[in-house]
Amino acid sequence: MESFAGKRVVVAMSGGVDSSVTAALLKEQGAEVIGLTMQIWDYRNFTSPDGQHFGTCCSLDDVYDARRVAEQLRIPFYVVNFEKEFAQAVIDAFCADYFAGRTPNPCVLCNQVLKFELLLRRAMELDADFLATGHYARIAREGAYYALRKGRDAAKDQSYFLFTLTQEQLSKVRFPLGELTKEEVRAHAARLQLRVAEKAESQDLCFVPDGDYVRFLEEQRGAGTMDGEIVHVDGRVLARHHGTYRYTIGQRRGLGIAWPEPLFVVGIDAASKRVMVGEKPFLAVSAFTVEKVNWIVPPPAESFTAACRIRYRHHEVPSHIQCVDGNQLRVHLNTAQHGVTPGQAAVFYRDDEVLGGGWIGRAVLGTE
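Everything numeric in this text was worked out from a predicted model, so none of it was measured. (Residues numbered from 1 in each chain as written. Predicted model: local features only at pLDDT ≥ 70, side-chain atom pairs only at ≥ 80, totals over all residues. Heavy atoms only, no water.)

## Some words on the packing of aromatic side chains
Here comes step 1: This model, assessed by the stated rule, comprises 15 aromatic pairs.
Here comes step 2: Note on Phe 94 and Phe 216: the rings are 6.1 Å apart at their centroids and 70° apart in plane angle, and the pair reads as edge-to-face. Of this pair, Phe 94 sits in helix H3 (residues 83-99) while Phe 216 sits in helix H7 (residues 213-221), and the two are 122 residues apart along the sequence. No difference in accessibility class separates Phe 94 from Phe 216, as the two residues are buried.
Here comes step 3: Aromatic side chains Tyr 160 and Phe 161 sit 5.5 Å apart centroid to centroid with 85° between the ring planes, which places their arrangement in the edge-to-face category. Grouping residues by exposure puts Tyr 160 and Phe 161 together as buried.
Here comes step 4: An aromatic cluster of three or more residues is present, and its members are Phe 86, Phe 94, Tyr 98, Phe 207, Tyr 213 and Phe 216. (Phe/Tyr/Trp six-rings, centres within 6.5 Å; stacked < 30°, edge-to-face > 60°. Helix = DSSP H or I, 4+ residues; strand = E, 2+ residues; numbered from the N terminus. Buried < 20%, exposed > 50% of the residue type's maximum accessible area, 1.4 Å probe, protein only.)

## Considerations on the confidence of the model for the chain
In regions of low pLDDT, the predicted coordinates are not meant to be interpreted in detail.
Here comes step 1: On average, residues of the chain carry a pLDDT of 91, and 93% of them reach 70 or more.
Here comes step 2: pLDDT under 50 marks residues 47-55. Its contacts with residues more than four places away, or in other chains, come to 7 contacts. (pLDDT = per-residue confidence, 0-100. Contact = heavy atoms within 4.5 Å.)

## Considerations on the side chain of Asp 157
Here comes step 1: Relative to the assigned elements, Asp 157 resides in the loop between strand S6 (145-150) and helix H5 (167-170).
Here comes step 2: Here Gly 151 takes part through its backbone nitrogen, which lies 3.0 Å from a polar atom of the side chain of Asp 157.
Here comes step 3: In contact with Asp 157, not counting residues within four places along its chain, are Tyr 136, Lys 150, Gly 151, Arg 309, Tyr 312 and Tyr 349. (Polar contact = N/O pair within 3.5 Å; in protein donor to acceptor, adjacent residues only side chain to side chain.)

## A short note on unusual backbone geometry
Here comes step 1: With a phi angle near 60°, Lys 273 is a residue other than glycine that sits in the positive phi range.
Here comes step 2: Its location among the elements puts Lys 273 in the loop between strand S10 (264-269) and strand S11 (274-278).
Here comes step 3: Look at Lys 273 and you get partly exposed, because its relative accessible area is 31%.
Here comes step 4: Of note, the phi angle at Lys 292 is positive, near 50°, even though the residue is not glycine.
Here comes step 5: As for its placement among the helices and strands, Lys 292 is situated in strand S12 (residues 285-295).

## Quick notes on the pattern of salt bridges
Here comes step 1: A full pass over the atoms with the stated rule returns 24 salt bridges.
Here comes step 2: Of the charged contacts, one joins Asp 65 and Lys 199 as a salt bridge, the two residues approaching to 2.7 Å between their closest N and O atoms. Residue Asp 65 is located in helix H2 (residues 60-73), and its partner Lys 199 is located in the loop between helix H6 (182-191) and H7; the two are separated by 134 residues in the primary sequence.
Here comes step 3: Accessibility expressed as a relative area gives 21% for Lys 199, which makes it partly exposed.
Here comes step 4: One salt bridge connects Glu 201 with Arg 186, and the closest N-O pair in it is separated by 3.8 Å. Of this pair, Glu 201 sits in the loop between H6 and H7 while Arg 186 sits in helix H6; the two residues are 15 residues apart in sequence, bridging distant segments of the chain.
Here comes step 5: Classification of Arg 186 as partly exposed rests on a relative accessible area of 23%. (Salt bridge = Lys/Arg side-chain N within 4 Å of Asp/Glu carboxyl O.)

## A closer look at the nonpolar core
Here comes step 1: Judged by nonpolar contacts, the single largest core of 55 residues is most densely connected at Phe 86, Leu 114, Leu 148 and Phe 207.
Here comes step 2: Within the residue set of this core, elements represented by two or more residues are strand S1 (8-12), strand S2 (32-39), H3, helix H4 (106-125), S6, H7, strand S16 (345-350) and strand S17 (353-363).
Here comes step 3: A per-element tally of this core places H4 first, with 10 residues.
Here comes step 4: Residues within four places of Leu 114 in sequence aside, it is in contact with Met 38, Ile 40, Phe 82, Phe 86, Val 90, Leu 109 and Leu 119. (Core = buried A, V, L, I, M, F, W, Y, C linked by side-chain atoms within 4.5 Å.)

## Focus: the side chain of Thr 181
Here comes step 1: Counting through the fold element by element, Thr 181 comes out in the loop between strand S7 (173-174) and H6.
Here comes step 2: Apart from the residues within four sequence positions on either side, Thr 181 is in contact with Tyr 136, Arg 152 and Asp 153.

## Things to note about the sheet that holds strand S8 (residues 227-232)
Here comes step 1: Strands sit in the order S9-S8-S11-S10 across an open sheet of 4 strands; the sheet is mixed. Of all the strands in the sheet, the pair left with one neighbour each is strand S9 (237-242) and S10. The sheet shows a mean angle of 30° between the axes of neighbouring strands, direction not considered. (Pairing = 2+ DSSP bridges. Axes fitted to C-alpha atoms, helices over the stretch in contact; angles between N-to-C directions.)

## Details of the packing of H3 against H7
Here comes step 1: Packing of H3 against H7 brings their axes to within 11 Å, and their N-to-C directions diverge by 100°. Compared by their axis directions, H3 and H7 come out roughly perpendicular. For the pair H3 and H7, the contacting residues are Ile 91, Asp 92, Phe 94, Cys 95, Ala 96, Tyr 98 and Phe 99 in the first and Tyr 213, Phe 216, Leu 217, Gln 220 and Arg 221 in the second.
Here comes step 2: Tallied by class, residues from the contact of H3 with H7 come to 9 nonpolar, 1 polar and 2 charged. (Parallel < 35°, antiparallel > 145°, perpendicular 65-115°, else oblique. Nonpolar A, V, L, I, M, F, W, Y, C, P; charged D, E, K, R; others polar.)

Here it is in structure tokens:
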């Protein structure tokens, strides 16, 4: 096990139990710990109609909790304001994806840009040896090469969200919780009497605290600009809709269409403002493209096999992958899957190691 004694480690403190235990364990091991919390969203822009408190990540309450834990641990603590960068890198992309007919994954972008580019840069400016986070994943050094592996707790493994990491970043980032289970982390928090030991998990997106992403999109970009037709895969127009951004692949609820069999959203064409629906068999996809690929390992050969995960809570599927060019892949799943969604991440594994990943583009027809 790597020793952190005498090392200066900046900890990304979110105010939750995971990052708090990370900071506490590192200090217990003799590291010089500095806590940094990102202020990424101005909650004064959001007023709940009933004054309800929402359990999102990165809220002002989380900032306060992080500060109180740092005081309890007697470590230096700073808040860094990344609101402008978050709006540009995450929120703008979130809106653009929905209005282009894709379903975005803002947590991957937040990790990529905010944590492992901007926050890591701040950590290095503080002459830190490492930036540590509370992610459930593992980094294994194999000579000069760093491997990213799944966390030991399969139920909490977060390696899927980390496929954008580079070798340089992996050399400077540490995940102290990677070998622990969530229960063990909670036990450490109780043992250390941390203020957040019983704090619940955060839910929903930090910038959509009530979960109503449609309201958020319409406030950001306006309503009524993406109205169009709901069309069956056989070409029949079945209904009208009030915005393609209201739908995502696999959606069944809220279609408002009487039909002999359950209908699902099977495609979204933002250019024509059409939402395509069909029976469940039409959801099955066996091949699709992947764009903007990042390899953690040396780029594989032109054709190779790996296990592919198409969303966070998804079991990997054995696949055959073809490199179309340096930045695009064609994935052929051994078993067709439901819910292959443009805009989501496709991440490739070999056993428990992350090889790399990218963004799902479009389904590939059998004739291609």
